[in-house]
Amino acid sequence: MPRLSLWKEGRHTNDYKFIDRRMSEMFTIGGTGILVHKYLGPNEQNISKNTSSAQASTSSSISFSSTADINLGMFVAGNAVVTGTKVVAKTANTVTLSANTTSALSANTTLKFYTDAAQPSYMNQSAQNIQDLFFLENRDRKYDTSVYNLRGIYQTQDVTFDLSQFGMFLQTGTLFIVFHINDMIASLGRKIMPGDVIELMHLKDYNPLDDSLPVALKRFYVISDCNNASEGFSPTWWPHLWRCKINPLTDSQEYKDILNQIKVDETIPGSGTGNISLGSVSSIISKYQEINDAIIREAETNVPFSGYDTSYLYVKPTTDDGRYPTDPLGLTSDGNITADSGTINAGAGIDSPGEPVRGYLTYAGGTINGLPVTVGISFPTNPMIGDLTLRTDYLPNRLFRYDGRRWVKMEDNVRTSLTPGPDNDTLRSNFVNDTSTFINNTGNVSVRQSLSQALRPKADN
Amino acid sequence: MAQQFFYDGQIRRFLVQFIRAVSNFDVEFGRDRDGTKTLQRVPVYYGDPSRQAATILKGNSENTLNGVPAMSAYISGLTYEQSRMQDPFFVDKMNLRQRRYDPDTGLYDTQQGDAYTIERLMPVPYKLTVKLDIWTSNTEQKMQIIEQLATLFNPSLEIQSTDNYIDWTSLSLIQLIEVNWSSRTVPASVEEPIDIATLTFDMPIWISSPAKVKKLGVIQKIINNIYDEQGKFTEDTILTNLVSRMVVSPINYSVFYSGNQLKLLKQHEIANDDGSLIVTQPPNNWRSVIEIYGTLVTGESEIRLSLPTGTELIGLITYHPTDPTILLYTPIEDTAPTNTLSPVNAVINPINVTVNNNLTNPSNGTRYLLTDDIGSAINLSGSVIWGSLIAKANDIIEYNGTTWNVVFDSATIKTTEYITNLNTNVQYRWTGEEWVKSVEGVYRGGDWSLVI
């Protein structure tokens, strides 16, 4: 009789299978239902094109219906393409590679083109792919549209809210949940891995504060770490349980595929007929943006433009000799003072100040004392003394006053919105927010270009 | 009694502007399953909410998803900066005129409105330290935000708490002091959903006491010597007995008071010795003068006329409805000179006065002010009406039930006296030489003042 041994190298023993089935039953009997959104790998981030015709033989020339979005120097990925191959030339319909294909490509073969070697394209959608080989992260994740139902067991915990700064703080709500490995693989096709998203169905919240929400709020977690559970080893020494550390899901770039794709108002689940995304119902981000908008509005009310508002101030007009016109002025068209009128009449010029309010950033393109101003790109003809004109062809716009002999510069429009954006006319903002283009021999050229990419050829799309 | 409450939200306004300065930045998400790239704005909010407000934002549910990227700003310090301290007792004054405001339209028109003098006490310097937490879910996202923010501070970013021209403390700047790149331990051993980078900023700010906003203060009288002829400095010297003083009007105008009207005169327009006026054209416009100092408020604005007695006649003013050269003047009765003599029943010329019952049968105590002489020492028979009365022009006579007697001998009285003519209710002033209307006439620059 051989010596008893529960341990056996190689194939699992019946002891193992017996114990494993009992453990599976325990999950079926006592586990909670968990829905798993399976991570499939990163979304394709680069250019994917199909060949328009077959290669007669191995060659460096490949035909496409259009090559407009392909740039010289791009890396090429594809079957029969050597790793590190680049685009060295192109015409409207053909691309020349730096190396011959290893076999002749048939028509409608998919090739991929990418610029950063550390952010490559992959030929297959796979959870093994890494989107960014430099930062080693998968930012734009793709999830299975199918949802997998598993059973899991975890120890419920009292959650302490740490609302400082961010509502619920990072570690708060971290749980450890265990799955039956073989059941998990049978259902999911692989073990649960970090990045998979699970929904604990029994934690659905039917009573949120906003009772107008169209659906109950579901509890999502993301898997952050997995390993064999210590309590999941049987006397055979083989593991049966998969222990996962889970954190509350955040509405972030990584999970947009779930949060945007799932429509909570679909009449038939999975039909894609709904309009209300899961993210819009469950996420706090839109509320934060509304709060931010309110703060910006308050800030813009306090300081609509940089500098100081002097438009409400009254500047005492002065006569040509610099005195206050305490006597009513009548100015003839030639600038002489008349004595025939006690008030300004239509024949007189504007009784305008010769000096604006002086100060740091005090002019926003208006006029002085609310007096009429001519806005244009040239000076008006036959002006009268005191006439004001705002030249919009000056940058910044400039206000002039006619003193009888010449147009005297009064102020430059130097006040600007301080909210970052296109209305912000600061020097830095002019560099950041300039969306203008011009046309030259290469077509439309954007004025704003990154320094590292300036003057380099770009794709047209 | 408790100190008056004041709160202007000064620190709040700086914090609001700080959040504005770092708002409106986007991050770019990569291509989704449809190949579409998206931009998402990074919200910025105050990072120290109350527990209740935070719970409301989360919908009172554990299932609400936190969102990233996001930024939160909060104050981590406020310290007094001795190095920026200046004279704490310094009071700065600025004089401003506003354009006239139309409360119905909410607009300012082209005319002058109110004028003010603003007194500002030296503000107190503080250093406001603010932390900005940047919440991201991946390194690329953090890079995108940091790269956009990093160009803002070179070396600092100027911000303002208000755009009020009067607020001399509104300008400040944001200085990036420190960057704490990550809240996580690097290398991260497990996948954390959120990373926090913390940027620390300093803002040199000022906290101000309330300002004093007053009606525009205008120098009406300048006393340039406060010592008497003996070189003594006493209260009397200042108040009454100044031997060397200069009273000026800033624009050197005079006013002519007649009836209930005031006219504005330049110095050279008062020319004739007889008091007649030579007014050059164009006539002077009251509005343009008053608006140098502010706005005339009907029922409140006053003109004060300095009287020879040292008192002032105070009257309310309003613009004439049609004539801009005239100001309607309503003296306040209590400020008018008090009569020093009993009133007279009439001012008469005794030579050609109409003889009626008032003369033929006057009642006891009837008093008249004479504009011409009557009677003579050589006319022993006297007249039917006046009897043997002998009086001079400017004398006041009174009937005692039997005869007329001189009760005010103009030849001997040199003090200033006031009397009212009951027939016209006009008050007259005895100058020592002649009777003149008590308050009407020309008031030169410095002898009148405008209170608006």
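In this text, all values refer to a predicted model and were calculated from it rather than measured experimentally.

**Re the overall build of chain A**
Argument step 1. Of regular secondary structure, chain A possesses 6 helices and 21 strands.
Argument step 2. Out of the 461 residues belonging to chain A, those deemed buried represent 45%.
Argument step 3. For chain A, the proportion of contacts with a sequence separation of at least 24, taken over those separated by at least 6, is 58%.
Argument step 4. Accessible surface, chain A as shown: approximately 23,900 Å² in total, 52% of it carbon and sulfur.

**Details of the packing of helix H5 (residues 285-302) of chain A against helix H1 (residues 10-21) of chain B**
Argument step 1. The contact between H5(A) and H1(B) brings their axes to 9 Å, and the two run at 115 degrees. The element H5(A) and its partner H1(B) pack so that their crossing is left-handed. Between H5(A) and H1(B), the contacting residues are A:Asn292, A:Ile295, A:Glu298, A:Ala299, A:Glu300 and A:Asn302 on the first element and B:Arg12, B:Arg13, B:Val16, B:Gln17, B:Ile19 and B:Arg20 on the second.

**Notes on the sheet that holds strand E9 (residues 156-160) of chain B**
Residue and element names in this part refer to chain B.
Argument step 1. Here we have 6 strands laid out as an open sheet, ordered E3-E5-E8-E11-E10-E9, and mixed in their pairing. One side of each edge strand has no neighbouring strand; the edge strands of this open sheet are strand E3 (44-46) and E9. Averaged over neighbouring strand pairs, the angle between their axes works out to 30 degrees when direction is ignored.
Argument step 2. In this structure, E3 lies alongside strand E5 (residues 70-80), joined through 3 bridges in parallel fashion. Paired with Tyr45 across the two strands is Ser72, which belongs to E5.

**Topic: the interface of chain B and chain A**
Argument step 1. In this complex, chain B contributes 92 residues to the contact, which on the side of chain A involves 97 residues.
Argument step 2. Note on chain B versus chain A: buried area summed over both sides is about 8,600 Å², and carbon and sulfur give 54% of it.
Argument step 3. The three residues of chain B that bury the most area against chain A are B:Arg20, B:Arg33 and B:Leu65, which together make up 11% of that side's buried surface.
Argument step 4. Residue B:Asp163 is joined to A:Arg415 by a salt bridge in which the shortest nitrogen-to-oxygen separation is 3.1 Å.
Argument step 5. The interface formed by chain B and chain A contains 46 residue pairs in polar contact (both at pLDDT 80 or more).
Argument step 6. In terms of residue count, H1(B) provides more of the side of chain B that touches chain A than any other element does, 7 residues in total.
Argument step 7. Split by residue class, the side of chain B that touches chain A holds 36 nonpolar, 33 polar and 23 charged.
Argument step 8. The pairing of strand E13 (residues 250-251) of chain A with strand E4 (residues 66-67) of chain B spans 2 bridges and is classified as parallel. Directly across from A:Asp251, in E4(B), lies its bridge partner B:Gly67.

**A short note on unusual backbone geometry**
Argument step 1. Residue A:Leu395 is joined to A:Pro396 through a cis peptide bond whose omega torsion reads -5 degrees.
Argument step 2. Among the structural elements, A:Pro396 can be located in the loop between strand E17 (388-391) and strand E18 (398-402).
Argument step 3. In this chain, B:Val68 is followed by B:Pro69 through a cis amide linkage whose omega measures 5 degrees.
Argument step 4. With respect to the helices, strands and loops of the structure, B:Pro69 is situated in the loop between E4 and E5.
Argument step 5. A positive phi angle, close to 75 degrees, is found at A:Trp237, a residue other than glycine.
Argument step 6. Positive phi outside glycine occurs at A:Leu361, with the angle close to 55 degrees.

**Comments concerning the confidence of the model for chain B**
All names here are of chain B.
Argument step 1. Confidence in the prediction of chain B, expressed as mean pLDDT, is 83, and 85% of residues score 70 or more.
Argument step 2. Per-residue pLDDT stays below 50 along residues 219-224; that stretch engages in 19 contacts with residues further than four places along the chain or on separate chains.
Argument step 3. Confidence over residues 237-248 falls short of pLDDT 50; this stretch has 28 contacts with residues more than four positions distant or in other chains.
Argument step 4. Here the predicted complex scores 0.76 on pTM and 0.87 on ipTM.

**A closer look at the pattern of salt bridges**
Argument step 1. Inspection of every chain in the model, using the stated rule, returns 30 salt bridges over all chains.
Argument step 2. Here A:Asp196 makes a salt bridge to A:Arg190, at a shortest N to O gap of 2.8 Å.
Argument step 3. The shortest N-O distance in the salt bridge between B:Glu398 and B:Arg367 comes to 2.6 Å. Taken as a pair, B:Glu398 in strand E20 (residues 396-399) and B:Arg367 in strand E19 (residues 367-370) lie far apart in primary sequence, 31 residues in all.

**A look at the environment of B:Val355**
Residues and elements named next belong to chain B.
Argument step 1. By the secondary structure assignment, Val355 is in the loop between strand E18 (346-348) and helix H6 (357-360).
Argument step 2. Put simply, Val355 and Tyr257 are 98 residues apart on the chain and 34 Å apart in space, counted from C-alpha to C-alpha.
Argument step 3. If sequence neighbours within four positions are ignored, Val355 has contacts with Thr360 and Ile385.

**Considering the nonpolar core**
All names here are of chain B.
Argument step 1. Of all hydrophobic cores here, the largest spans 33 residues; its most connected members are Phe18, Met71, Leu132, Ile134, Leu149, Ile174 and Met203.
Argument step 2. Apart from the residues within four sequence positions on either side, Ile134 is in contact with Ala70, Met71, Ile145, Ile146, Leu149, Asp195, Ile196, Ala197 and Leu199.
Argument step 3. Val289, Leu313, Val439 and Ile452 belong to the second largest nonpolar core, which has 22 residues in total.

**Some details on the side chain of B:Ser137**
Argument step 1. Among the structural elements, B:Ser137 can be located in the loop between strand E8 (124-136) and helix H3 (139-150).
Argument step 2. A relative accessible area of 12% places B:Ser137 in the buried class.
Argument step 3. A distance of 2.7 Å separates polar atoms of two side chains, one belonging to B:Ser137 and the other to A:Glu254.

**Quick look at a nonpolar patch on the surface**
Argument step 1. Taken together, B:Met143, B:Leu176, B:Val179 and B:Trp181 make up a surface patch of nonpolar side chains, about 310 Å² in accessible area.
Argument step 2. Residue classification places B:Met143 among the partly exposed residues on the basis of a relative accessible area of 31%.

**Quick look at the environment of A:Lys218**
Argument step 1. Secondary-structure assignment places A:Lys218 in strand E11 (residues 217-228).
Argument step 2. Relative accessible area serves as the criterion here: at 26%, A:Lys218 is assigned to the partly exposed category.
Argument step 3. Residues A:Lys218 and A:Leu72 lie 146 residues apart in sequence; the distance between their C-alpha atoms is 48 Å.
Argument step 4. Ignoring sequence-local partners within four residues, the contact set of A:Lys218 consists of A:Glu199, A:Lys204 and B:Asn63.

**Quick word on H3(B)**
Residue and element names in this part refer to chain B.
Argument step 1. Relative to the 16 Å expected for 12 residues at 1.5 Å per residue, H3 spans 16 Å between its end C-alpha atoms, a close match to the ideal helical length.
Argument step 2. Among the residues making up H3, those that are buried are Gln141, Lys142, Gln144, Ile145, Ile146 and Leu149.
Argument step 3. Elements in contact with the buried residues of H3: strand E1 (26-29), E5, E8 and strand E11 (195-207).
Argument step 4. Of the residues flanking the start of H3, the one acting as N-cap is Asn138, its side-chain oxygen 3.3 Å from the backbone nitrogen of Glu140.

**Here we look at the sheet that holds E11(A)**
All names here are of chain A.
Argument step 1. The strand order around the closed barrel formed by 6 strands is E1-E8-E9-E12-E11-E10, and the pairing between neighbours is antiparallel. When strand polarity is set aside, the average angle formed by the axes of neighbouring strands in this sheet is 45 degrees.
Argument step 2. Note: E11 against strand E12 (residues 241-248), 7 bridges, orientation antiparallel. By the bridge assignment, Tyr221 is partnered in E12 with Pro248.

The rules behind each value
Residues numbered from 1 in each chain as written. Chains lettered and ligands numbered in written order. Predicted model: local features only at pLDDT ≥ 70, side-chain atom pairs only at ≥ 80, totals over all residues. Heavy atoms only, no water. Helix = DSSP H or I, 4+ residues; strand = E, 2+ residues; numbered from the N terminus. Buried < 20%, exposed > 50% of the residue type's maximum accessible area, 1.4 Å probe, protein only. Contact = heavy atoms within 4.5 Å. Areas by Shrake-Rupley, 256 points an atom, 1.4 Å probe, with all protein chains shown as cover. Axes fitted to C-alpha atoms, helices over the stretch in contact; angles between N-to-C directions. Left-handed = near helix turned anticlockwise from the far one by under 90°. Pairing = 2+ DSSP bridges. Buried area = accessible area lost by both parts, 1.4 Å probe. Salt bridge = Lys/Arg side-chain N within 4 Å of Asp/Glu carboxyl O. Polar contact = N/O pair within 3.5 Å; in protein donor to acceptor, adjacent residues only side chain to side chain. Nonpolar A, V, L, I, M, F, W, Y, C, P; charged D, E, K, R; others polar. pLDDT = per-residue confidence, 0-100. Core = buried A, V, L, I, M, F, W, Y, C linked by side-chain atoms within 4.5 Å. Patch = residues over 30% accessible without salt bridge, like charges linked within 9 Å, V, L, I, M, F, W, Y side chains within 5 Å. Expected span 1.5 Å × (residues − 1).

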